Amino acid sequence: MARFGLPALLCILAALSAVLLATEPKSKSCSEVLRLYVSKGFNQNDAPAYEINGDHLKICPQGYTCCSQEMEEKYSLQSKEDFKSVVSEQCNHLQAIFASRYKKFDEFFKELLENAEKSLNDMFVKTYGRLYMQNSELFKDLFVELKRYYVVGNVNLEEMLNDFWARLLERMFRLVNSQYHFSDEYLECVSKYTEQLKPFGDVPRKLKLQVTRAFVAARTFAQGLAVARDVVSKVSMVNPTAQCTQALLKMLYCSHCRGLVTVKPCYNYCSNIMRGCLATQGDLDIEWNNFIDAMLMVAERLEGPFNIESVMDPIDVKISDAIMNMQENSVQVSQKVFQGCGPPKPLPAGRISRSISESSFSARFRPYHPEERPTTAAGTSLDRLVTDVKEKLKQAKKFWSALPSNVCNDERMAAGNGNEDDCWNGKGKSRYLFAVTGNGLANQGNNPEVQVDTSKPDILILRQIMALRVMTSKMKNAYNGNDVDFIDISDDSSGEGSGSGCEYQHCQSEFEYNVTDHAGKSANEKTAVADAGARPRAQPYLLPAFCLLVLLLPREWR
């Protein structure tokens, strides 16, 4: 028996050596897992140096593993943050585009108005001198109201322009008939003849049409950019569900537990998880695309007949032409007014001569030379701004339906689309066999990776859909040249606005507020909801949800 002692001992040593050799690759793999785990700021004491039994794992595949229970829990939190970070990067880029374009448009429109007012003032001072200075508040009020309409709203452009021409007629009528005394009642009678006599020719009618269309289009377009910015901002703040977080953990870090630290998730595997986690965002796509199309329609108007730059740039010339027309036809106009309103009272002889000398209309407006006038504001022109934003709008179309794919195109999230065999499929390094599901909540019933409750649409997403739908309706109105009822929330947000006595430059622009927080109903919104209800939709659950939303939310849309 003693003779077999040595061979038996050698066999035991050989077996132990084989075991040690077999476990050595495993220890290397776990050491790499440990290194990456610590590099993320986690405690190295959480990670085993060698593979351990994985019965404690709740989400990742059990069996021999390089992950402790603490590692799985921390990886779960990390996968959630990784997902939110990548989605935010995608959305933040789009939000920054809309924010920067809105700011540029807003600066341009405001500076354009400032330039137009300054140009009119400079030219009229040179042309009419003291007569203009004595009546300058009339023209100042015109620009104040135009600025107020753009910034705050609550201005009926047609009524405001009618009032301007009526007041101008009263001033002009006094000047061309300076030998008479006119009471306030008489001048009110004079203003009633504005439409009938057309003392300013066809300028008021044309200018009213041009100003109304241009300002409605410009203001609506700027608000549309702000709405897009705010919608993206709201939707970008994703909060994954428990089921989504489990799927993210399994996709991003369970491969580490198997020691496959360099193997990335399969592209289609990632696609299914992203479509499940971003299901509600996918429901934005229809209304978002309709909104983008409406924005592009209004952009075309801004380039063409509703170009606010071509309206405001020569507005001083147009008003002066109207004044000259009134001067040239003053005799005929005065006679007709005298017939309708009665003969006025003459001034005493001494006052007549003084009044005539003070109101002499000897100056004529100098010829208009386009090269002398500023053609840009805010360092650019409307054509350049619109061309740029149209390109960005086209790129933003279908953003929400493409978001899952764009997330998976990030190299941090998945392997390339062509690498279908050497990728992590949730269980091991192999091809992913399931088909990719469609976008949107209704398509997630058969998602093989993420359990999604398709009966509960997200209230935040529904609010954004409503905001887009309302804004699309306003865009279509603006495209047709119709004025739209804008929301004035200045009383709710800053305590300023119409009736508060604030100057326009000190009032907060309504475009700065987050329109997506409001879900009341105006007449336009009711039309939008009705029109939307007539269209076939792929999400049948949205109709009762919208009805519930409208009933429950405060009626803040006015």
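Going along each chain's sequence as written, the residues are numbered from 1 onward. A pLDDT threshold of at least 70 governs which residues receive local features in this predicted model, and a stricter bar of 80 or more applies before side-chain atom pairs are shown or counted, although totals over entire chains, interfaces and linings include all residues. Side-chain calculation: all heavy atoms of the structure are included, whereas hydrogens and water are not.

J.: Would you explain helix α13 (residues 285-303) in this entry?
T.: What sets the pattern is the α-helix's 3.6 residues per turn: residues three or four places apart point alike. Each helix is a run of H or I in the DSSP string that is no shorter than four residues. Each strand is a run of E no shorter than two, and both are numbered from the N terminus. A helix is expected to span 1.5 Å multiplied by its residue count minus one. If you check α13, its first and last C-alpha atoms are 27 Å apart, about what 19 residues at 1.5 Å a residue would give, namely 27 Å. All of the buried residues in α13 are Asp285, Glu287, Trp288, Asn289, Phe291, Ile292, Ala294, Met295, Leu296, Val298, Ala299 and Leu302. Any two residues whose heavy atoms approach within 4.5 Å at even a single point are treated as in contact. Lining the buried residues of α13 we find α2 (69-128), α8 (203-236), α12 (279-282), α18 (382-396), α19 (399-408) and α20 (459-479). Each residue's exposure class comes from its accessible area (1.4 Å probe, protein chains only) as a fraction of the maximum for that residue type: buried when under 20%, exposed when over 50%, partly exposed otherwise.

J.: Looking at this structure, I do not really get the nonpolar core. What am I missing?
T.: Buried together is how nonpolar side chains tend to be arranged in soluble globular proteins. One finds Trp288, Met312 and Ile319 to be the most contacted residues of the largest nonpolar core, which totals 143 residues. Examining the composition of this core, we find that 19 residues originate from one element, α2, more than from any other. Residues belong to a common nonpolar core when they are buried Ala, Val, Leu, Ile, Met, Phe, Trp, Tyr or Cys residues joined through side-chain atoms within 4.5 Å.

J.: I tried to follow the side chain of Asn272 on my own but got confused; where do I start?
T.: Here Asn272 is to be found in helix α11 (residues 267-277). Under the rule applied, a polar contact is a pair of N or O atoms within 3.5 Å (in protein, one hydrogen donor and one hydrogen acceptor; residues adjacent in sequence only if both atoms are side-chain atoms). At 3.0 Å, the side chain of Asn272 forms a polar contact with the side chain of Tyr432. Looking at Asn272, its side chain comes within polar contact range of the main-chain oxygen of Ala435, at 3.0 Å. In contact with Asn272, other than residues within four places in its own chain, are Tyr432, Phe434, Ala435, Val436, Thr437, Asn447, Pro448, Glu449 and Val450.

J.: Help me understand unusual backbone geometry, please; the structure alone is not making it clear to me.
T.: Residues apart from glycine generally show negative phi values, whereas peptide bonds are mostly found in trans. One non-glycine residue, Asn154, adopts positive backbone phi at about 60°. Its place among the elements puts Asn154 in the loop between α4 (136-151) and α5 (157-176). Within the chain, Lys398 stands out as a residue other than glycine whose phi angle is a positive 60°. Turning to its location among the elements, Lys398 is positioned in the loop between α18 and α19.

J.: What's the story with the packing of aromatic side chains in this structure? I'm lost.
T.: Centre-to-centre distance and the angle between the planes together describe a pair of aromatic rings. Geometry of aromatic contacts follows a simple scheme: Phe, Tyr and Trp rings, the Trp one being its six-membered ring, pair when their centres are within 6.5 Å, and the pair is stacked under 30 degrees between planes, edge-to-face over 60, tilted otherwise. Taken as a whole and assessed by the stated rule, the structure comprises 27 aromatic pairs. Put simply, the rings of Phe124, Tyr128, Tyr132, Phe139, Phe164, Trp165 and Phe200 pair up and form one aromatic cluster. As a reminder, the over-ring test applies to NZ of lysine and CZ of arginine, requiring each to be within 6 Å of the ring centre and within 35 degrees of the ring normal. The ring of Tyr102 has Arg229 sitting right over it, with the charged end atom 5.2 Å from the ring centre. Between Arg301 and the ring centre of Tyr479, over which it is positioned, the NZ or CZ distance is 4.0 Å.

J.: When you look at the pattern of salt bridges in this model, what are you seeing that I'm missing?
T.: Pairs can form between side chains of opposite charge once their charged atoms are near each other. By salt bridge we mean one thing: a side-chain nitrogen of Lys or Arg within 4 Å of a carboxyl oxygen of Asp or Glu. Under the definition given, this model contains 20 salt bridges. Members of the salt-bridge network, linked through shared partners, are Glu89, Asp410 and Arg412.

J.: What should I look at first to understand the environment of Gly428 in this one?
T.: Topologically, Gly428 is positioned in the loop between α19 and α20. On the accessibility criterion, Gly428 (17% relative accessible area) is buried. It is 8.1 Å that separates the C-alpha atoms of Gly428 and Arg258, two residues lying 170 residues apart in sequence.

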